[in-house]
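Residues per chain are reported as follows:
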Amino acid sequence: MNNYRSWAYIPPLEQKAVRPSWLDFKFEKDAKSLLPYGNARSYGDSCLNSEGLVIDNRSLDHFIEFDTEKGILRCESGTTFSDILALIVPQDWFLPVTPGTKFVTLGGTIANDVHGKNHHQDGSLGRHIRYFELKRSDGKKILCSPNENPEYFNATIGGLGLTGFISWAEIQLLKIPSAFIKVETTAFHGLDEFYELSEKANSKHRYSVAWLDCASGGKQFARGLFMSGDHANYDRKEKSAIREPKISIPFNFPQKVINRYTIRAFNALYFNKNKLVSAGKTTYQHYDSFFYPLDGIGNWNRIYGSQGFYQYQFVIPSSERSTMEHILNKIVDSGLGSFLAVLKEFGNLPSPGMLSFPRPGICLALDFANRGEITLKLIEELDQLVMEAGGAVYPAKDIRMSSKAFQQYFPNYEEFKTFIDPRFSSDFWRRVSGR
Amino acid sequence: MEDKPKNETIVIFGATSAVAQKLAQLHAQAGDTLILVARNKDRLNTVASDLLTRGSPQVDCLTSDFDIIQDHPSLLKIIEEKSSNISKYYFFYGILPDQKECEASWEVTHKALMTNLLSVMSLLTNIANRIEKETNRGLIVVSSVAGDRGRQSNYIYGTSKGALTIFLQGLRNRLHKSNCTVTTIKPGFIDTPMTQDFKKGALWATPEKVAQDIYKAACKGKNEVYSPSFWMVIMLVIKNIPETIFKRLNL
């Protein structure tokens, strides 16, 4: 078994891979199909291609140009957000949008049109991409921007790596006063309180997100901690500090460690500790601890054991409050919900991406330990509710959604198909396109 | 790095290799001026833009085929014209020939010895004669653990690196009185394009890790350094197996 797999450890399918070092590489002629592969933080099978070959982009990590006046950075697609931050933060720039891990490649973040805690203000990453070059299997190189070849630009943003290989991209950065974020934390009890906090914060603060207890019912149902944040002028001395993971999970945990009781205990502990320590207070956090708390624990995915886990992330319109309540009840009753569910209200800034996941509404992300059939059945039921509410499920986290569900979640599916590179495919795509 | 002087000018032969690029990035971040030498112009330009972005004030690129030994004096002359105050010369280039092909063809064997050993010796001889009258110069050369003992699976590569290691010992001894250092780097298995087709295990190191070890060793002017350091223990064991036993092993 080589190291090519996805983040949630399911499925353990053998991948054949090549790892080019220079952008002038040639696509393998003999492979049945091809798929770009980045730093493997996609949870499911959207980054896998068991029938053919994956093209590992991680040695394509050269910076090309950094305009420090305008904050425009051009680099090869395998450059990680971690490397980009190490370069730009000391020069007072930041990523315009970042997901909850910095161990992702620029190419991967474009292919998934990632979003972050500032979606309500800045939209998804696709809005901040100025240019990229798409390398197609017929030998063509297509320069894409909102104005040049816009149809390929729009298909590739959120296009799950299927429209060709992104060679390099140019991104517009955000000017910051320091590496620190001013954070306000507020405890809430119930979804109504969350909606109220979210509405207030989203008009005032660049960042907002909530941690939700998905294990406790009764009086503690839907309790959580709401955090809002803004870049702050604070302690300029420490701004270049790069923090490596302090601890790492060296092996897969035995599965019995993660169960209904430990999860409930953990959630209670986390809620009460943070309520006591930070709720109602303003703190200054280094960007690493604000945006990437889990990056501090290397290989955290191993706590779910060798069986792996499922992650489920969906968005439904903000008006569907009763559906959200219903879904949460189902998760709490099942006892399968896990640590650190994340709740976030998306804004209404549209993405250029045809298959982009973020859209106006409330978004919830959480893990389910893999208990086989019962876990799959629960997620299938959640899918039904999300479909009925007119929502969508995030392909980057998925390994099981049906083609029917996918095509309903992503109504541009038919248009998108015409831009797929004929030699490109993925395990995910063969499933949701019914091939 | 505390012992490192500021704003150095350094030369890297074989600058497009995976480990060389990571090493060059460390020098770029320290604000050093770089002179890069390699065969492929486009690849050199890719590396140069990267290093300029990372903080190097100036990067010069020179293309050369190191196997053409008669070109070495003119190459070194061009380098000298770029800067009169070069503090470190790094040697990263080399090839990993297929042992079976070496056994079947003297041409392949000769080519490996030419690239990995003779051309490096030629450049080092030229440079040593120039820096002998100066002080505080560093020569840092990547050899290999494979040069510590010959074994059937790669003894031509091993020969080229083993002979290189011995050449460097002599050169170190000679240049000691000039206060110039010669650092031999002996990496183990590194996960690079050169080793793309090998099965990787726990002994494999990343180019970043090896580059950091080389950077530290160069700044301190060390003599011989294994990277990662656990290879010192492994090679101590390997070197001490009696030949009567060793020749029976399937290594």
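Counting starts from 1 at the beginning of each chain's written sequence and moves along it residue by residue. Written order determines the labels here, with chains lettered from A and ligands numbered from 1. Only residues with pLDDT of 70 or above have their local features reported here, since the model is predicted, and side-chain atom pairs are shown and tallied only from 80 upward, although totals for entire chains, interfaces and linings are computed over all residues. The side-chain figures draw on all heavy atoms in the structure; neither hydrogens nor water molecules are used.

Chemist: I tried to follow the packing of helix H5 (residues 191-204) of chain A against helix H8 (residues 321-334) of chain A on my own but got confused; where do I start?
Modeler: Each pair of packed helices can be summarised by the angle the axes make with each other and by the distance between the axes. All names here are of chain A. Interaxial angle, 0 to 180 degrees, is taken between N-to-C directions of lines fitted to C-alpha atoms, where a helix line uses only the stretch in contact. Starting at the N terminus, helices and strands are each numbered in turn, a helix being any DSSP run of H or I of at least four residues and a strand any DSSP run of E of at least two. It is the contact of H5 with H8, at a shortest axis distance of 11 Å, that shows an interaxial angle of 130°. Here H5 lies oblique to H8, going by the angle between them. Judged by the twist between their axes, the crossing of H5 over H8 is right-handed. Contact residues: H5 offers Leu191, Asp192 and Tyr195, while H8 offers Arg321, Met324, Glu325 and Leu328. Think of it as three bins: nonpolar holds Ala, Val, Leu, Ile, Met, Phe, Trp, Tyr, Cys and Pro, charged holds Asp, Glu, Lys and Arg, and polar takes everything else, Gly as well. Of the residues in the contact of H5 with H8, the class split is four nonpolar, no polar and three charged. With respect to orientation, any angle under 35 degrees is reported as roughly parallel, any angle over 145 as roughly antiparallel, any angle of 65 to 115 as roughly perpendicular, and every other angle as oblique. Two helices crossing with the near one rotated counterclockwise from the far one by less than a right angle form a left-handed crossing, whereas a clockwise rotation gives a right-handed crossing. Residue contacts are counted whenever heavy atoms from the two residues lie within 4.5 Å of one another.

Chemist: So what exactly am I meant to see when it comes to the pattern of salt bridges here?
Modeler: Close approach of charged atoms lets side chains of opposite charge pair. By salt bridge we mean one thing: a side-chain nitrogen of Lys or Arg within 4 Å of a carboxyl oxygen of Asp or Glu. Counted by the stated rule, this structure contains 37 salt bridges over all chains. Residue Asp24(A) is joined to Arg43(B) by a salt bridge in which the shortest nitrogen-to-oxygen separation is 3.8 Å. Separated into two different chains, Asp24(A) in the loop between strand E1 (16-18) and strand E2 (34-37) and Arg43(B) in helix H2 (residues 41-53) make up a pair that spans both. Three labels apply to residues, based on accessible area from a 1.4 Å probe with only protein chains included: buried if under 20% of the type maximum, exposed if over 50%, partly exposed otherwise in between. On the basis of relative accessibility, which here comes to 45%, the residue Asp24(A) falls in the partly exposed class. A relative accessible area of 27% places Arg43(B) in the partly exposed class. The closest approach of N and O atoms between Arg174(B) and Glu132(B), which form a salt bridge, is 3.0 Å. Of this pair, Arg174(B) sits in helix H6 (residues 155-175) while Glu132(B) is found in the loop between helix H5 (106-131) and strand E5 (138-142), placing the two residues 42 residues apart along the sequence. Assessed through its relative accessible area of 29%, Arg174(B) is described here as partly exposed. Under the relative-accessibility criterion, Glu132(B) is labelled partly exposed at 26%.

Chemist: Explain H8(A) to me, please; I cannot follow it from the model alone.
Modeler: For an α-helix, the turn length of 3.6 residues means that residues three or four places apart are oriented alike. Counted at 1.5 Å a residue, the expected span for H8(A) with its 14 residues is 20 Å, and the 20 Å between its end C-alpha atoms agrees. Within the sequence span of H8(A), burial applies to Thr323(A), Met324(A), Ile327(A), Leu328(A), Ile331(A), Val332(A) and Ser334(A). A helix is expected to span 1.5 Å for every residue after the first.

Chemist: Explain the interface of chain B and chain A here, please?
Modeler: It is common to report an interface's size as the accessible area lost on association of the parts. The interface of chain B with chain A comprises 13 residues on the first partner and twelve residues on the second. Accessible area that two parts lose when put together, with a 1.4 Å probe and added across both, is what the buried area reports. Around 1100 Å² of area is buried between chain B and chain A when both sides are counted, 50% of it from carbon and sulfur atoms. Looking only at chain B, the three residues that lose the most surface to chain A are Arg43(B), Thr53(B) and Arg54(B), adding up to 42% of its buried area. For the pair chain B and chain A, the interface holds two salt bridges.

Chemist: Would you explain the confidence of the model for chain A in this entry?
Modeler: Low pLDDT marks regions whose predicted coordinates should not be analysed in detail. Per residue, pLDDT captures the predictor's confidence, and it can take any value from 0 to 100. Summing up the model confidence of chain A, the mean pLDDT is 90 and the portion of residues at 70 or higher is 93%. Low pLDDT, under 50, characterises residues 239-244 of chain A; the predicted model gives this stretch 13 contacts beyond four residues in sequence or across chains.

Chemist: Before we go on, may I ask you to explain the environment of Asn412(A) in this structure?
Modeler: Mapped onto the elements of the fold, Asn412(A) is located in the loop between helix H10 (403-409) and helix H11 (413-417). Between the alpha carbons of Asn412(A) and Met354(A) there is a distance of 5.9 Å; along the sequence they are 58 residues apart.

Chemist: Which parts of the structure should I look at to understand the packing of aromatic side chains?
Modeler: In this description, an aromatic ring pair is defined by two values, namely the gap between the centres and the angle between the planes. Residue and element names in this part refer to chain A. In this analysis, rings of Phe, Tyr and Trp, with Trp reduced to its six-membered ring, are considered paired at centre separations within 6.5 Å, and the interplanar angle assigns stacked below 30 degrees, edge-to-face beyond 60, and tilted for intermediate values. Here the structure, examined in full by the defined rule, presents 35 aromatic pairs over all chains. The interplanar angle of 75° and the centroid separation of 5.3 Å between the aromatic rings of Phe94 and Tyr287 together place this pair among those described as edge-to-face. On the criterion of sequence distance, the pair formed by Phe94 in strand E6 (residues 93-94) and Tyr287 in helix H7 (residues 287-291) is long-range, its members being 193 residues apart. Following the ring pairs from residue to residue traces out a cluster consisting of Phe94, Tyr207, Tyr287, Phe290, Phe291 and Tyr292. Either the NZ atom of lysine or the CZ atom of arginine qualifies as a charge over a ring when it sits within 6 Å of the ring centre and within 35 degrees of the ring normal. A cation sits over an aromatic face here: Lys135 above Phe27, 5.9 Å from the ring centre. A cation over an aromatic ring shows up here: Arg359 above the ring of Phe410, its NZ or CZ 5.1 Å from the ring centre.

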